[in-house]
Amino acid sequence: MADKDDDPFWVTDPNALVDRRVIVLWSKGKRYEGLCTHYDPNDGKHFVVYDDGEKKWYTMTQKTFWVIGDEGNIKYEPTRVVGAAKTAKAAARTNKGGRSTTHATAGRTTYTNTAYTRQWTPYISKTANANTVATFNVLVDPRAMQGGERIIVVGNLEQMGGWNEGVQLVPHPRNPLIWSATLEMPFTVADSCIHGMFQFRYKIVSNDGESIQEGQLPRTENRLQAQFFHIFRSNYQIPRFRGWTPPSGKEALQQIAGTQIDSLRYGEIDTRELLLRFKCLAGDVHGAHRNHVEDLFDGLVEDALASEMRLERGVVMALLGMVGQFGLTSKERVYTSGYANNSYSYTYTAGVASAKPSTTVSYRTPPKPRPWCYYLLEQIDLGEWHDLNMYREIGPNYMWIVHGAAEAVERFSQHNSFRWLKLVPFVRKFGCRPEISEEPYKESEAEFLAEADAVVEIVKEQMAIAHNQMEEQNAAVAAVQAVAVAEAAGSPIADANGAAAPVDETNLLGLAGFVVADEGPDQLQEPAAAKLAHGLLSTLVCYAPTIDQLYILCQGELGAHIESLLGDFADKFEGLYWSTVEQLEQLHALVDQVPTLRSPLIATAMLKTETPDALARRIVDFAAACLPDTAAAPFGAAEVVVTTDALGAAPDGAIVIAGAADGAVNELVGEWADLNTAAKDWLRRVHEDEPDEIKKNEEEEEDYGGWLGGWTAVGGNNRNRNKKKIKKLTKAEVANIRANSLRLCCDHVNAFISIPFFNRNPRGLLFEMGRCWFLKGQSVELLESFCTIATTGQGFEAYNVSLSNHLCDEARKLARDASQSMADTDRLLEVVRTTLPSDQPLAHDLLCTLCLAATWPHHGRDASHVLEQEPPLDSVLSNSAMWMQVEAWCREGNAAAMVGSELVTLLGRVGQLLRRYAAELTDDSVNLKSLNTVLRSDKWTGGASGHGSAAEQMKKVNGFSELVNFFAPGTFDESVLRVQREAVEMFDLRLEKAQCYASFFCVCGVRIEAESIRTLVEKLRANYDNLVSSDITTALDMVPTAIDWLFQMRSSELFLTLWRSLGDQLRIDSVDGAAELLARGADATGPAEEVEEPQLPAGLEGDEEAMAAAMLAYQQQQAEQQAAAQARFELQDKERQILQRLEDVVLSQDQVVTHLIPTAQSRWQELSSKTAQGSLKLEELDATFGKLAEAQLGEELRLLFGTAELLYGQTKPNIKKSLSALEDYSLLKKLVRWIPSLLEVHELMAPLCDTPAEQDDFRAVLQTALQKIDADMVGQTLSTIPTLVASVRSVFSAYSVEQLDFVATLAESPPMVKWLIEHKDQQEFNQMLNVVRPCTDEPRMISAIASLVYIRNSCLLRPLYDLPPYAGLENLLAGLCGVDLAGSDEGSPIWHLNNIVSTFDALEDVFEKQTKSPGIKSCYDLRDILNRGTFVFQLGLPTDHVLRLEIAAIEDPAAADGTPAMSAPRVQDMEFLLDLRSKLLMTEIPDELE
């Protein structure tokens, strides 16, 4: 075991680490610097405050950290022995309340010291030439000094004299324990640094020059203060300090603060300066607390009382400020953890309960009043303090004094005393609201009245003072007015020299000692004594325990000032909780005794209070009692009567100050506006939320009983064991609760509207009524409540007219909402029939509104302008069930009640409409719009949908026929509708066929003259709704019926190809010579052949006869050539004319009907027969089905067989068999590409296969199949193709078309495949890309390189490099087809592969060129210059630009879409040519490039 002396100093004495800077090691090797400020001996932990603001408690014996020192930082890290932690914890448990015993246990922690030095950098101010005065104060215990020694401060700044010389401190003249020095620091108060701005320490220097520095590390300040206060620290290395403890924080605070108080009392500093110094003192002295200042305060109070002298006001304010600087005790938070009191909170997740300790936050209770609190209440002059301008006298810290006074108030309040009442006006004047205890105690009411009597005496004194001040002010005003009158009369007042002096009323009043308000010289401010008196009276009102105390106070002095205290009464009433009727009766008695309280302010306050629902009506009645019948008067300017006297005398000498007339009016208007808002808020607060019984009906309560009521740790199997069973409310009970709530709200609103003020503008209350819970929900449910109220008692007539009209409007609105759903409409009708009698006006309103909203959805709100209009037929028929129910209700009702009803008028309009349309249908004179509306009104009736007997009993009836026979029985025969329906359906079908023919078949590649048909169709479409039913049978007579067959062929691509082919052939046959011309092909109109120019034979010179014969032959030959050319030109003109006539040919309707359609039908039937028989040859298949996508084959085949069957009545062939044959034909076309490509890929990838090609069985099968296909291709038909592909069908069925196309695309570029096989090394491939990518900026090349990287690394990496070697071609095919081909069209692997194949030659050239040496690249550049280069000389330019080289663009290989791409041209200057020459001279050119 290690010896005890081996322990670090902070283990032996844990307090030695306090105020030392440390660096703590965190996780991941991070280090953070901070200051150790506290040590808790109870748990052996140190408190570290980091420079970034973080705060942590640590058991330092378990941490790795460094202690920062002058000569380096010492590292301490624990070296643990097995069992050390358990032993240390056990020892700590046995040593409660003492110092840490970790060092004394077996297996304890030992430490190793490692130096860690952190360079500290002094801070430099950001402000140039910064210079701020700062005073350094240090408290030195006299035991630490010997005779003749003095104190100096040393530091890293020149202003401090450095670390050696230092600056001399002088002792304070009133306390020699405090040494001070004032220095000019090179900083500003705005500067700060978390690592410290400067470092310093204090030293004791003797007369012989020897110095003793204080212990621990140098002091570091993060910011500059006007005053620094410190305590000289002990140094354990000096013998005189051993066994000596420096002064505590309390001792230091009291010593320094007491000295500052003495300086204040002797006039050396003022209160403002003292508070500023104390702010620095409280921050610098560790452990400063409010109690320390209070002890000092109590001592001064005791001394003053003993000497029978009063403390100066400045001293009391200073002490209050020092107390208040710590804030209010009631605002200090106290955190209580649940571990201490076994309090836990439980959370439930997935049925499993987990317990967590709950942490509660509370606030401290102020302690009992101390002597200084009593002194403050008894000795201060309230008038003087209340009249002070605190900010002007104290500065920005004046609120500390207010908080100190508030602290005294709260202490008296918390400990059952009302002595604080007279101090509250001073506190509240500055906006501070102390926490006053409202808990009653024994004799509290009597004590309050006794204290109130004392306050009233003070009020009287202040009122008398204010009265005298007002008289003096009135006298001064009179003097000023006399001077003004004299000046107006022309008698100026002479000054001391006899000259006329101007009169300034403001100056005169100021000289008289009165304060003049900003409004002008006639407006004087209220005396401070009057303000204090008002504040005291306001305090009595606000803090009276009960209404009885207010009742008693109002009988005395308080009753004379009620008008000025209305706001305080309102605040008092608003803050109380009115829970009983007795309380409200006491309030009524108070208002009856003091009529002045009948004010909108009081009514507003009561409406803002929280009261039980049972007292809601009494609150409304009280508000009405506060508002007399003339309450609306303040809004009429003529009715406003406001006194204009500046002063009014009240009984008993009290002074009441009245405001100006305009201000009074504005204030009254604001009060009434607040009342209106309060009434709306009260209504919403009382009626907005659902009642408790409704809420409980929507959610189930759980009672867990005992500890979690049977919850288990896992699963929660007993979760529902103790759940309460709550009886659900029925719909009738919910409706009853809703109706009662609506009735209660109506009573409240009616009570408000009965008040004249609210009756003038009740819209706000009515709007808030619409936001209440009982008006939220389904329309019909809400209407049930309205119907219940309407049938109870006098109904809506029992309420005010405004409320009655509002209820009717809301009911109509709900009826309109119900019209949006047929189910809601039926429910509303049922509610009206069962709850409202026929003579009830509301019933007529609801039904009329419902019918109007259903018939005119956009005009249902106002029926007056639509009742005379004819109802829309479609709306009437869509709500036929509603109309029949309403008509039946009216028939069954009281006939007398129907007279003059808008509902009856509306029903009459509907009946008239139905009879008119019935007559038009019978006469065959109805328009198609109305006819279609009638025909669409069919519905099922007589049973229920589904299966069985109920479904069988249902029948389809027409809504119009049913409705018209209900309104007018026997007036319409339903057989008329059957005839009309057939005619309309036939017309619609013929019209659609005609439109399809004119707009599709006549313009889909065959030019057909169809303008007349198109015009007719457009005209009929435009006027469709207005067509009369009797005219539609002949409207399409001009359209041939032969085109009807084409309608079903509109979606067949196969037929459209046939239609275009036959149409073109018919156009060709209609032009003479066009068929022969097109048969000759493009050579017919091509350019003429070049004919050799005839030449004269040589050697005929001198032979005239031979020359003449030669000339004659020459001329004849020329004539023949000219005649042939002329004939050729004429033929070309004729051919162009034929082609032009062919271009202009437009087939007539007669040609289409007599030739084109019959021919198409015949050819279509022939194609159907051959397809069914399987006799289509390959050429025919290529011309028909070969042009279709494979996905279209099935649908086209069904349409082919189906339409041919309709035309000729043939039996329907076997579609499945024919479709299978067509799929084999499609496979045959693919095999012609796939098999050769696969064999080619096998040859290219032979190095990847173990089996030679000639020994590969799978290759032999494919070769045999390919040979058979090539040999037997001629003469194949649809029926024989399946036999041809049978041998290889199973081979390729295992792979998708995309996979085989991918392999076939690989075979299209053998160089690419070889290149990919050769470049297997990934690192070499990446290096090649890094070389090539920066050397090209052509988009095609960049895209090709990206595709190459994708194909190689994402698709072919495994098939080419990982899976080989393959056993044979079959395994190679499986490997290549295993590539993931998922992706979009322009990002799929096939797209990338095609992109590479189309550009690989150029891409390979780029790779070959860019990966060569610079000399070889120069050879390629020279080749490009020889092939495509041009040298251009241009004069007039600088020498370097006279010659330039232009290399023309070259056409790249075709792109993926087949379009050629051009490379960009290049232009080079002389510098490039010289560089090229140098490279060529130094390069040995290979033979292949020579």
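Please refer to the structure higher up on the page.
Throughout what follows, the structure given in this document is the object of discussion.

## What to know about the overall build of the protein chain
When its secondary structure is counted, the protein chain shows 55 helices and 29 strands. Counting only residues that meet the buried cut, the protein chain has 43% of its 1490 residues in that class. The long-range fraction of contacts in the protein chain, counting pairs at least 24 apart against all pairs at least 6 apart in sequence, stands at 70%. Accessible area for the protein chain stands at about 78,100 Å²; split by element, carbon and sulfur atoms hold 50% of it.

## So, the sheet that holds strand 11 (residues 170–172)
Spatially, 4 strands are ordered 11-12-8-16 in an open sheet, and the strand pairing comes out mixed. The open sheet is flanked by strand 11 and strand 16 (227–231), the only strands paired with a single partner. Direction aside, neighbouring strands of the sheet carry axes that sit 35° apart on average. Pairing between strand 11 and strand 12 (residues 175–185): 3 bridges, direction antiparallel. Bridged to histidine 172 within strand 12 is asparagine 175.

## Observations regarding the nonpolar core
Core analysis: the biggest nonpolar cluster contains 325 residues, and Phe569, Phe573, Trp1059 and Phe1185 have the highest contact counts within it. Residue contributions to this core peak at 14 residues, all from helix 43 (residues 1215–1244). If we ignore the near neighbours within four places in the chain, the residues touching phenylalanine 573 are Ile547, Leu550, Trp578, Leu587, Leu590, Ile602, Ala605, Met606 and Thr609. Ala134, Val138, Ala181 and Leu224 belong to the second-largest nonpolar core, a separate cluster that totals 30 residues.

## Points about the sheet that holds strand 26 (residues 1443–1447)
In space, the 3 strands of this open sheet follow the order 25-26-29, with antiparallel pairing throughout. Since the sheet does not close on itself, it has two edges, and those belong to strand 25 (1429–1433) and strand 29 (1466–1468), each with one partner. Neighbouring strand axes in the sheet, compared pairwise and without regard to direction, differ in orientation by 25° on average. Both strand 25 and strand 26 contribute to a ladder of 5 bridges, which runs antiparallel. Residue pairing for strand 26: phenylalanine 1433 is matched across the bridge by leucine 1443. On top of the sheet, helix 55 (residues 1470–1481) reaches strand 25, strand 26 and strand 29; it is set at about 80° to strand 26, its chief contact.

## A short note on the packing of helix 27 (residues 822–835) against helix 28 (residues 841–855)
It is at 11 Å that the axes of helix 27 and helix 28 come closest, and there the two elements cross at 165°. Classified by the angle between their axes, helix 27 and helix 28 sit roughly antiparallel to one another. Handedness of the crossing formed by helix 27 with helix 28: left-handed. Counted together, Thr825, Leu828, Leu829 and Val832 of helix 27 and Ala843, Leu846, Leu847 and Leu850 of helix 28 form the full contact between these two elements. Looking at the contact of helix 27 with helix 28 residue by residue, the classes come out as 7 nonpolar, 1 polar and no charged.

## Details of the pattern of salt bridges
Under the defined criterion, the tally for this structure stands at 50 salt bridges. A salt bridge links arginine 174 to glutamate 268, with the shortest nitrogen-to-oxygen separation between them at 2.6 Å. With arginine 174 in the loop between strand 11 and strand 12 and glutamate 268 in the loop between helix 3 (249–265) and helix 4 (271–284), the pair connects residues that are 94 residues apart, well separated along the chain. What makes glutamate 268 partly exposed here is its relative accessible area of 41%. A salt bridge links aspartate 681 to arginine 684; its shortest N-O distance comes to 2.7 Å. Of this pair, aspartate 681 and arginine 684 both sit in helix 20 (residues 661–687), 3 residues apart, which is roughly one turn of that helix. By relative accessible area, which is 29% here, aspartate 681 ends up partly exposed. Within this structure, Lys250, Glu294, Asp295, Asp298, Arg370, Glu407 and Arg411 form a network of salt bridges that share partners.

## Quick notes on the packing of aromatic side chains
Within the structure shown, the criterion is met by 43 aromatic pairs. Between phenylalanine 136 and phenylalanine 198 the ring centres are 6.3 Å apart and the planes differ by 75°, which places this aromatic pair in the edge-to-face class. Here phenylalanine 136, found in strand 8 (residues 132–139), pairs with phenylalanine 198, found in strand 13 (residues 198–205); they are 62 residues apart in sequence, far enough to count as distant. Each member of the pair phenylalanine 136 and phenylalanine 198 is classed as buried. An angle of 65° between the planes, with centres 6.2 Å apart, marks the rings of phenylalanine 573 and tryptophan 578 as edge-to-face.

## Focus: helix 43
End to end, helix 43 covers 43 Å across 30 residues, agreeing with the expected 44 Å (1.5 Å per residue, within 8%). Of all bends in helix 43, the biggest is about 35°, found at leucine 1231.

## Observations regarding the packing of helix 3 against helix 4
Where helix 3 meets helix 4, the axes come as close as 10 Å, and the angle between the chain directions of the two elements is 170°. Considered as vectors, helix 3 and helix 4 are oriented roughly antiparallel to each other. Across the interface between the two elements, Leu253, Ile256, Ala257, Gln260, Ile261 and Leu264 from helix 3 touch Thr271, Leu274, Arg277, Phe278 and Leu281 from helix 4. For the contact of helix 3 with helix 4, the per-class residue count stands at 8 nonpolar, 2 polar and 1 charged.

## Considerations on the side chain of asparagine 879
Considering the arrangement of structural elements, one finds asparagine 879 in the loop between helix 29 (873–878) and helix 30 (880–892). A distance of 2.9 Å separates a polar atom in the side chain of asparagine 879 from the backbone oxygen of serine 875. With sequence-adjacent residues up to four places away left out, asparagine 879 is seen in contact with Met822 and Ala854.

## Examining helix 36 (residues 1011–1022)
An α-helical turn contains 3.6 residues, so any two residues separated by three or four positions project in the same direction. In this model, helix 36 (12 residues) spans 16 Å end to end at C-alpha, consistent with the 16 Å of a helix rising 1.5 Å per residue. When helix 36 is considered as a whole, its buried residues turn out to be Ile1013, Leu1016, Val1017 and Leu1020. Within helix 36, the buried residues cover an arc of 100° as seen down the axis, which keeps them to one side. The outward face of helix 36, more than 90 degrees from its buried face, is lined by the exposed residues Glu1018, Lys1019 and Ala1022. Where helix 36 is buried, its residues touch helix 35 (975–1001) and helix 40 (1149–1173).

Calculation criteria
- Going along each chain's sequence as written, the residues are numbered from 1 onward.
- Thresholds applied to this predicted model are a pLDDT of at least 70 for local features of residues and 80 or more for the giving and counting of side-chain atom pairs; totals over whole chains, interfaces and linings are not thresholded and use all residues.
- For the side-chain quantities, the full set of heavy atoms in the structure was used; hydrogens and water were omitted.
- Helix numbers and strand numbers start at the N terminus; a helix is a DSSP run of H or I with at least 4 residues, a strand a run of E with at least 2.
- For every residue, the accessible area obtained with a 1.4 Å probe (protein chains only) is divided by the maximum for its type, and the residue is called buried under 20%, exposed over 50%, and partly exposed between those limits.
- Whether two residues are in contact is decided by their heavy atoms: any pair within 4.5 Å suffices.
- Here the open area of atoms and residues is found with the Shrake-Rupley method and a 1.4 Å probe, where only the protein chains shown may cover a residue.
- Whether two strands pair depends on DSSP finding at least two bridges between them.
- A fitted line through C-alpha atoms represents every axis, and for helices the fit uses only the stretch in contact; the resulting angles, taken between N-to-C directions, go from 0 to 180 degrees.
- By nonpolar core we mean a set of buried residues, namely Ala, Val, Leu, Ile, Met, Phe, Trp, Tyr and Cys, connected to one another through side-chain atoms within 4.5 Å.
- Comment on the angle field: the value is read as roughly parallel under 35 degrees, roughly antiparallel over 145, roughly perpendicular from 65 to 115, and oblique elsewhere.
- We call a crossing left-handed when the near helix sits turned anticlockwise from the far one by less than a right angle, and right-handed when that turn is clockwise.
- Ten residues, namely Ala, Val, Leu, Ile, Met, Phe, Trp, Tyr, Cys and Pro, are considered nonpolar, four, namely Asp, Glu, Lys and Arg, are considered charged, and the remaining ones, Gly among them, are considered polar.
- When a carboxyl oxygen of Asp or Glu lies within 4 Å of a side-chain nitrogen of Lys or Arg, that pair is called a salt bridge.
- Paired rings are identified among Phe, Tyr and Trp, the last through its six-membered ring, by centres lying within 6.5 Å, and are further divided according to the angle between planes into stacked (under 30 degrees), edge-to-face (over 60) and tilted (the rest).
- Here the expected span of a helix is defined as 1.5 Å times the quantity of residues minus one.
- Bending is quantified residue by residue as the angle between axes fitted to the seven-residue window ending at that residue and the seven-residue window starting at it.
- Pairing of N or O atoms within 3.5 Å defines a polar contact, subject to two protein rules: one partner must be a possible hydrogen donor and the other a possible acceptor, and residues neighboring in sequence count only if both atoms are side-chain atoms.
- Directions drawn from the helix axis to the C-beta atoms are what define this arc.

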